[in-house]
Amino acid sequence: MGSVHVDQTTFTAVELQQLHHQDLTNQRVERAQWVLKSPEPPGPWQKLLHSVKANVFPQGKKYSAVSFFKGLFPILSWGRNYKASKFKNDLMAGLTLASLSIPQSIGYANLAKLDPQYGLYTSIVPPLVYSLMGSSRELAIGPVAVVSLLLSSLLQKIEDPTVNPVAYRNLVFTVTFFAGIFQAAFGIFRLGFLVDFLSHAAIVGFMGGAAIVIGLQQLKGLLGISKFTTNTDVISVLECVFKSIIHEPWYPLNILLGCAFLIFLLIARFIGKKNKKLFWLPAIAPLISVVLSTLIVYFTKADRHGVKIVKHIKSGLMPSSAHQLQLTGPHVGQAAKAGLISAIIALAEAIAVGRSFASIKGYHLDGNKDMMAMGCMNIAGSLSSCYVATGSFSRTAVNFSAGCETVVSNIVMALTVIISLELLTRLLYFTPTAILASIILSALPGLIDINEAYHIWKVDKLDFLACIGAFLGVLFASAEIGLLLAVSISFAKILINALRPGIEVLGRLPRSDIFCNMSQYPMAIKTPSILIIGINSSLLCFANANSVRERVMKWVTKEEDETDEKEKGTNIQHVILDMSSKFNVMNVDTSGILALEEIHKKLLSHGIELAVANPRWQVIHRLKLAKLVDKIGEERIFLTVSEAVDACLMNSKGAGASSC
């Protein structure tokens with residue numbers, strides 16, 4: 001009777017084990033169905049419509065006039081809670097900002113080859129529009145050195161500002177209009193990734209090169225040179241300077257006045273950096289320089305002794321420029337191209353500055369909303385005699401240090417500039433151009449970041465190549481060439497990574513169900529008779545499909561050769577492709593599907609079965625449409641690599657497989 005009792009106990013244990021295995025199998029099949037029965041992903045038109053709705057109606061599903069206007073004008077949301085204590089801080093920040101913006105705007109207009117008043121106009125309309133539509137609290141809007149240089153270098157080739165200043169000015173307004181259109185489109189259709197083609201490394205190199213070029217351009221004002229080259233490269237500028245010194249009369253008073261105030265500005269900047277409580281000193285120093293130098297020239301009659309002065313600045317509010325836009329004619333295409341380049345550079349600078357200060361304050365900057373805001377402000381600016389405006393790093397830093405709470409500081413700054421245009425422009429008649437040059441020169445050190453360039457070199461050599469390409473391109477060719485080099489190198493880096501995606505062999509980490517790259521984690525254990533491969537590419541497409549197919553098959557052949565040498569009976573019987581979020585295979589095209597189909601066929605011819613683990617939404621949808629799921633078999637699609645391995649081990653013919 002005892003032996004019968006033992007047999008019944010053994011039978012019961014086996015039965016329980018079978019039930020457990022059956023339960024695990026059922027769970028695995030159920031989870032695989034979650035992958036296979038996922039709903040159809042949204043198409044491109046649905047995504048586009050959703051992105052537009054998300055920008056226009058950010059309040060969620062309540063598509064009403066109120067949510068529309070709140071989405072378009074964030075000031076309607078936070079304005080209700082605006083308090084007098086905040087206004088006090090914004091008022092002081094706005095006045096401090098205006099003291100820096102007025103002299104800088106005049107200098108940057110000169111850099112853009114425009115009359116001084118157009119720089120002041122650009123410090124009025126764009127900041128007011130951004131205050132209504134923007135999401136950054138600290139970003140100071142107005143003309144900036146890099147965009148001013150970019151416009152002059154691009155447009156001087158089309159219209160000469162000295163020969164035909166009216167046509168040149170109209171072209172600038174047209175470029176500003178196109179820049180606004182592109183920026184608004186980037187925001188509405190969530191095309192901000194286009195700006196990302198100008199990588200951080202490229203921006204560092206471009207800014208550094210532009211700072212040196214801008215500095216050399218200021219030699220015209222410091223030396224009082226009348227005829228200056230329209231080229232922006234270093235060689236042309238230095239050649240022009242040396243010729244002017246040798247063949248033309250030059251006036252030491254210009255250099256003396258400019259250098260004296262440049263030293264004062266740099267000392268003020270140094271003191272402001274050392275003592276944060278004296279942040280106002282470098283902010284107000286340019287205005288002090290303008291006032292003092294103007295008084296010196298006026299009382300000493302230095303303009304009669306060769307000191308170049310600003311002379312007439314048109315007073316009053318900005319006139320409409322809508323009728324001056326050249327939307328037809330021979331230069332429309334060139335204006336649109338210049339507008340696109342200016343739009344990308346302006347956005348890259350503004351978004352980078354805005355995000356850095358938003359992170360300090362601990363709030364989120366909506367990049368798409370800011371793109372739309374900047375587009376609208378530049379469109380409005382092009383209709384009111386302004387040129388391309390964006391966020392300035394130096395003025396934003398001053399705005400932040402002055403304790404601004406909201407974008408009301410921009411409104412205060414704009415109103416202060418309006419008052420200055422109405423009342424103070426006549427007082428600037430005797431302002432020396434050398435002072436404007438020294439103000440621009442004093443702002444340039446912030447654009448050159450040697451430490452960041454060295455950091456890029458240490459971290460990523462290809463990124464540094466983009467950085468140095470942009471730097472040298474701007475320095476020795478033009479801003480346009482520098483940008484083209486930087487974008488080309490960045491794009492080449494993307495192509496290299498796309499053409500040769502990483503193919504990794506995975507193993508199980510000890511005492512876990514985690515599968516990782518065996519080269520990175522040598523302690524990972526390889527599962528006998530199973531080869532697990534991860535494809536490290538966001539898109540399996542025509543560019544890399546053949547490479548992926550060849551390298552997968554090469555790994556299979558290599559594994560089979562290694563197992564033949566070690567021991568018989570452990571040949572590869574299953575290949576699992578890990579297409580999970582860990583490897584970020586987001587999508588697949590027809591070439592990628594064809595490559596997977598060929599891999600499946602070749603593996604079958606070798607007696608090896610293919611399994612796919614956790615394909616992403618778009619990938620499984622495309623595989624089902626192409627009937628590849630039917631060819632592989634629904635039972636070979638799994639939610640996780642761990643479940644795929646367990647299923648393969650259960651079906652494995654190798655006697656030793658169960659030991660794993």
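All of these numbers come straight from a predicted model, not from anything done at the bench.

This brings us to the packing of helix H11 (residues 200-217) against helix H22 (residues 461-476). Here H11 crosses H22 at 25 degrees, and the two axes come no closer than 7 Å. Between H11 and H22, the interaxial angle falls into the category roughly parallel. In the packing of H11 onto H22, the handedness of the crossing is right-handed. Each of Ala 201, Ala 202, Val 204, Gly 205, Phe 206, Gly 208, Gly 209, Ala 210, Ile 212 and Val 213 in H11 lies in contact with H22, whose residues at this interface are Asp 463, Ala 466, Cys 467, Ala 470, Phe 471, Val 474 and Leu 475. Taken together, the residues that form the contact of H11 with H22 break down as 13 nonpolar, three polar and one charged.

Within the structure shown, the criterion is met by 11 aromatic pairs. For the pair Phe 357 and Phe 393, a centre-to-centre distance of 6.2 Å together with 50 degrees between the ring planes defines the contact as tilted. Of the two residues, Phe 357 is situated in helix H16 (residues 332-361) and Phe 393 in helix H18 (residues 393-401); the sequence distance between them amounts to 36 residues. Take Phe 357: its relative accessible area is 7%, and that puts it in the buried class. In this structure Phe 393 comes out as partly exposed when scored by relative accessible area, which is 41%.

To continue, consider the environment of Ala 380. Mapping Ala 380 onto the fold places it in helix H17 (residues 367-382). Sequence separation between Ala 380 and Val 125 is 255 residues; the distance between their C-alpha atoms is 7.2 Å. Beyond its immediate stretch of four places on either side in the chain, Ala 380 contacts Val 125 and Val 129.

There is about 1,200 Å³ of room inside the largest pocket. Residue lining of the largest pocket: 43 residues in total, with Arg 269, Phe 393, Ser 394, Ala 397 and Gly 446 positioned closest to the centre. Looking at the lining of the largest pocket, the elements with two or more residues in it are helix H5 (84-111), helix H8 (145-155), H11, helix H14 (252-274), helix H15 (280-300), H16, H18 and helix H20 (433-443). Partitioned by chemical class, the residues of the lining of the largest pocket number 28 nonpolar, nine polar and six charged.

What follows is about the confidence of the model for the protein chain. Low-pLDDT portions of the prediction should not be read for the details of their coordinates. In the predicted model, the protein chain carries a mean pLDDT of 87, and 92% of its residues have values of at least 70. Throughout residues 1-9 the model reports pLDDT below 50, and contacts reaching past four residues in sequence, or to other chains, amount to zero contacts. Between residues 653-660, whose pLDDT stays under 50, and residues either more than four places distant or in other chains, the model counts eight contacts.

Pairing between sheet strands relies on hydrogen bonds along the backbone, with the strands arranged either parallel or antiparallel. Overall, mixed pairing links the six strands, which are arranged E4-E3-E5-E7-E9-E10 in an open sheet. A strand with exactly one partner marks an edge of an open sheet, and here the two such strands are strand E4 (515-517) and strand E10 (637-638). As defined by bridge partners, strand E9 (residues 609-613) adjoins E10 across two bridges and the pair is classed as parallel. Across the sheet, the residue bridging to Ala 613 is Phe 638, located in E10. Packed on one face of the sheet, helix H28 (residues 641-651) meets strand E3 (502-508), E4, strand E5 (530-536), strand E7 (574-578), E9 and E10 and runs near 170 degrees to E7.

With that settled, the discussion passes to the pairing of E5. Buried residues dominate E5, accounting for six of its seven residues. Of the pairings in the sheet, the one linking E3 to E5 comprises five bridges and is antiparallel in character. In the sheet register, Gly 502 faces E5, and the bridge partner there is Asn 536. Direction of pairing for E5 relative to E7: parallel, over a ladder of five bridges. Each bridged residue has a counterpart across the sheet, and for Gly 534 the counterpart in E7 is Asp 578.

Next up on the list: a nonpolar patch on the surface. A cluster of nonpolar side chains, contributed by Phe 264, Trp 280, Ile 284, Leu 287, Ile 288, Val 291, Leu 292, Leu 295, Ile 296, Tyr 298 and Phe 299, occupies part of the molecular surface with about 940 Å² of accessible area. When residues in the nonpolar patch are grouped by element, the largest group, 10 residues, is from H15. Inspection of the secondary structure puts Leu 287 in helix H15.

Moving on, we get to the pairing of E9. Burial analysis of E9 places four of its five residues in the buried class, which makes it a mostly covered element. Pairing between E7 and E9: five bridges, direction parallel. Counted as the bridge partner of His 574 is Glu 609 from E9.

This brings us to the environment of Ala 202. Mapped onto the elements, Ala 202 comes out in helix H11. In sequence terms Ala 202 and Gln 573 are 371 residues apart; their C-alpha atoms lie 48 Å from each other.

One pass over the structure, following the stated rule, counts 11 salt bridges. The partner of Asp 513 in a salt bridge is Arg 508, and the shortest N-O contact between them spans 2.7 Å. The buried category is assigned to Arg 508, whose relative accessible area is 16%. Put simply, Lys 157, Lys 337 and Glu 480 are held in one network by salt bridges that share partners.

To continue, consider the state of the cysteines. Chemically, a disulfide is nothing more than a covalent bond linking the sulfur atoms of two cysteines. Here the structure, examined in full by the defined rule, presents zero disulfides. For the unlinked cysteine Cys 386, the closest cysteine sulfur is that of Cys 376, found at 14 Å. Note on Cys 386: relative accessible area 0%, which makes it buried.

So, how was this worked out
- Residues numbered from 1 in each chain as written.
- Predicted model: local features only at pLDDT ≥ 70, side-chain atom pairs only at ≥ 80, totals over all residues.
- Heavy atoms only, no water.
- Axes fitted to C-alpha atoms, helices over the stretch in contact; angles between N-to-C directions.
- Helix = DSSP H or I, 4+ residues; strand = E, 2+ residues; numbered from the N terminus.
- Parallel < 35°, antiparallel > 145°, perpendicular 65-115°, else oblique.
- Left-handed = near helix turned anticlockwise from the far one by under 90°.
- Contact = heavy atoms within 4.5 Å.
- Nonpolar A, V, L, I, M, F, W, Y, C, P; charged D, E, K, R; others polar.
- Phe/Tyr/Trp six-rings, centres within 6.5 Å; stacked < 30°, edge-to-face > 60°.
- Buried < 20%, exposed > 50% of the residue type's maximum accessible area, 1.4 Å probe, protein only.
- 1 Å grid on protein atoms, 1.4 Å probe; cavity = no way out; pocket = protein on both sides within 12 Å on 5 of 7 lines; lining within 4 Å.
- Points joined across faces, edges and corners; volume = space filled by probe spheres on them.
- pLDDT = per-residue confidence, 0-100.
- Pairing = 2+ DSSP bridges.
- Patch = residues over 30% accessible without salt bridge, like charges linked within 9 Å, V, L, I, M, F, W, Y side chains within 5 Å.
- Areas by Shrake-Rupley, 256 points an atom, 1.4 Å probe, with all protein chains shown as cover.
- Salt bridge = Lys/Arg side-chain N within 4 Å of Asp/Glu carboxyl O.
- Disulfide = S-S within 2.5 Å.

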